[in-house]
Amino acid sequence: MQPEFWHDRWQRNQIGFHQEQVNSYLQRLWPRLELPRGARVLVPLCGKSLDLNWLAASGFEVLGVELSQTAVEQFFSEQRVTPQIRQQGGFKVYEAGPVSLWCGDFFALSAADVAECAGLYDRAAIIALPAEMREAYARHLTQILPRGCEGLLISLDYPQGEMQGPPFSVPDVEIQQLLVPAWDLQIIEQSDALEQNGKFLKAGVSRLVERVYRLRKNA
């Protein structure tokens, strides 16, 4: 999957993955992490998610990473905020208050860039990537994030042959293979989500399970 795929999706406004409300798992389960107010949270492949606002309003510093400049600009435009813009290595960084969105290739992010990140929130990153890129994504997360970083990861599990991704099916066995032993993982919620997802029903998907993991980097 090349960058042009995502640039084209944003330019054509084919962004069915964008949620028009704050994610309910984030609202209910994030407080369990008990991260201190002011902690910095990494949000990979963040798009223009309203979850960024929720994290900021909850007292956290947000470092979102997004490939599409269209998505980044739409986020600030829709929030009626004019960001300060600077260059940081290969990233164009847009900053306003506690929200900093880094426009560029996630894989160009360095350990120094995220050294102060105590939190991680992945709602739509790992499920946006095909299998070979998921492995590279998990390896890069592990390489750059500091020990003790903890957060939430939300995955989808459905028969991949019944629908073409993205979003892709990433079952529990694969999550475990990708992240253990470098990360401690705990499934803190699991639900049958098929009836609430019209796209999957229309595609004829027979089963859809959402899993929310609490994770902590231990190496």
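Residues numbered from 1 in each chain as written. Predicted model: local features only at pLDDT ≥ 70, side-chain atom pairs only at ≥ 80, totals over all residues. Heavy atoms only, no water.

Draft legend 1. A look at the pairing of strand S5 (residues 99-103). With five of five residues buried, S5 is to be regarded as a mostly interior element. Side chains Val99, Leu101 and Cys103 project from S5 onto one buried face, and the interleaved Ser100 and Trp102 project onto a second face that is buried too. By the bridge criterion, five bridges tie strand S2 (residues 61-66) to S5 in an arrangement that is parallel. Counterpart to valine 65 in the pairing with S5 is tryptophan 102. As paired strands, strand S4 (residues 91-96) and S5 are joined by five bridges and run antiparallel to one another. Within the sheet, the bridge partner assigned to valine 93 lies in S5 and is tryptophan 102. (Buried < 20%, exposed > 50% of the residue type's maximum accessible area, 1.4 Å probe, protein only. Helix = DSSP H or I, 4+ residues; strand = E, 2+ residues; numbered from the N terminus. Pairing = 2+ DSSP bridges.)

Draft legend 2. Spotlight on the environment of phenylalanine 200. Assignment of secondary structure puts phenylalanine 200 in helix H7 (residues 198-202). Distance from phenylalanine 200 to alanine 131, taken between C-alpha atoms, is 20 Å for residues 69 residues apart in sequence.

Draft legend 3. Quick look at the sheet that holds S4. An order of S3-S4-S5-S2-S1-S6-S7-S9-S8 is seen for the nine strands of this open sheet, with the pairing classed as mixed. Every other strand in the sheet has two partners, leaving strand S3 (84-88) and strand S8 (183-192) as the edge strands with one partner each. Along the sheet, successive strands turn relative to each other by an average axial angle of 20°, direction set aside. Sitting on the sheet, helix H4 (residues 69-78) touches S2, S4 and S5, and the angle it makes with S5 is about 160°. (Axes fitted to C-alpha atoms, helices over the stretch in contact; angles between N-to-C directions. Contact = heavy atoms within 4.5 Å.)

Read these as layout, nothing more, since geometry by itself doesn't imply function.
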